Amino acid sequence: MKLITAIIKPFKLDDVREALTDLGVAGMTVTEVKGFGRQKGQTEIYRGAEYTTNMVPKIKIEIVCATDLADRVAEAIEAAAATGAIGDGKIFILDVGRAVRIRTGETDDNAL
């Protein structure tokens, strides 16, 4: 099993969700986060005053899937989230040692 964590621009969430649904991904966790990378923050105008923020709003998506599906999930996220501009985000793929469905006690792939 693999844990796929993707950091994307907020307005791309619906596109990514549609792409993952088309792949058969059954569930995901979505969190609103803030951070920065090469952008080093941004300048914004609020009520006529310009100010600089060093944290950019992003969406973090976490998906646990079967190992053989992980590459296709990452490719779908990449295609759906890409705008071609700086700050499109990152995708991380990690190994998952064990998964347990609390309600039934099913483990690993059966728990997904």
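Preceding this section is the structure that the text describes.
Residues numbered from 1 in each chain as written. Predicted model: local features only at pLDDT ≥ 70, side-chain atom pairs only at ≥ 80, totals over all residues. Heavy atoms only, no water.

Novice: Before we go on, may I ask you to explain the overall build of the chain in this structure?
Specialist: The helix and strand tally for the chain stands at two helices and six strands. Reading the chain from its N terminus to its C terminus gives the helix and strand order β-α-β-β-β-β-α-β. Each of the 112 residues in the chain was classed as buried or not, and the buried ones make up 29%. The contacts in the chain between residues at least 6 apart in sequence include a share of 70% that link residues at least 24 apart. Accessible surface, the chain: about 7600 Å² in total, of which carbon and sulfur atoms supply 49%. (Helix = DSSP H or I, 4+ residues; strand = E, 2+ residues; numbered from the N terminus. Buried < 20%, exposed > 50% of the residue type's maximum accessible area, 1.4 Å probe, protein only. Contact = heavy atoms within 4.5 Å. Areas by Shrake-Rupley, 256 points an atom, 1.4 Å probe, with all protein chains shown as cover.)

Novice: In this structure, what is going on with helix 2 (residues 67-81)? I would like to understand it.
Specialist: Residues spaced three or four apart along an α-helix point in a common direction, a consequence of the helix completing one turn every 3.6 residues. An ideal rise of 1.5 Å per residue puts 21 Å on 15 residues; helix 2 measures up with 22 Å between its terminal C-alpha atoms. For helix 2, the elements touching its buried residues are strand 1 (2-8), helix 1 (13-23), strand 5 (56-65) and strand 6 (89-95). (Expected span 1.5 Å × (residues − 1).)

Novice: Sorry if this is basic, but what is going on with the sheet that holds strand 5 here?
Specialist: Within a sheet, each strand pairs with its neighbour through backbone hydrogen bonds, oriented either parallel or antiparallel. Pairing is antiparallel in the open sheet, where four strands are placed in the order 2-5-1-6. Unpaired on one side and paired on the other, strand 2 (29-35) and strand 6 mark the two borders of the sheet. The sheet shows a mean angle of 20 degrees between the axes of neighbouring strands, taken without regard to direction. Each of strand 1, strand 2 and strand 5 touches helix 1; the most contacted strand, strand 5, lies at about 10 degrees to it. Running over the sheet, helix 2 touches strand 1, strand 5 and strand 6 and is turned about 5 degrees from strand 1. (Pairing = 2+ DSSP bridges. Axes fitted to C-alpha atoms, helices over the stretch in contact; angles between N-to-C directions.)

Novice: I would appreciate a short explanation of the nonpolar core in the present structure.
Specialist: One recurring pattern in soluble globular proteins: nonpolar side chains tend to sit buried together. Counting 17 residues, the largest nonpolar core has I8, V16, L20, I63, V73 and I77 as the members making the most contacts within it. By residue number, the principal contributor to this core is helix 2, which donates seven residues. Filtering out sequence-adjacent residues up to four positions away, I8 remains in contact with L13, V16, K58, I59, I61, I77, A81 and D88. (Core = buried A, V, L, I, M, F, W, Y, C linked by side-chain atoms within 4.5 Å.)

Novice: Can you walk me through the side chain of K58 in this structure?
Specialist: Position of K58 among the secondary structure elements: in strand 5. D88 provides the closest opposite charge to the buried, unpaired K58, separated from it by 6.9 Å. (Lys, Arg positive; Asp, Glu negative; His and termini not counted. Salt bridge = Lys/Arg side-chain N within 4 Å of Asp/Glu carboxyl O.)

Novice: What is the right way to look at the environment of V16 in this model?
Specialist: You can see V16 is positioned in helix 1. Sequence separation between V16 and A76 is 60 residues; the distance between their C-alpha atoms is 7.3 Å. Every residue in contact with V16, bar those within four places of it in the chain, is listed here: I8, I61, I77, A80 and A81.

So yeah, pure geometry; function would need other evidence.
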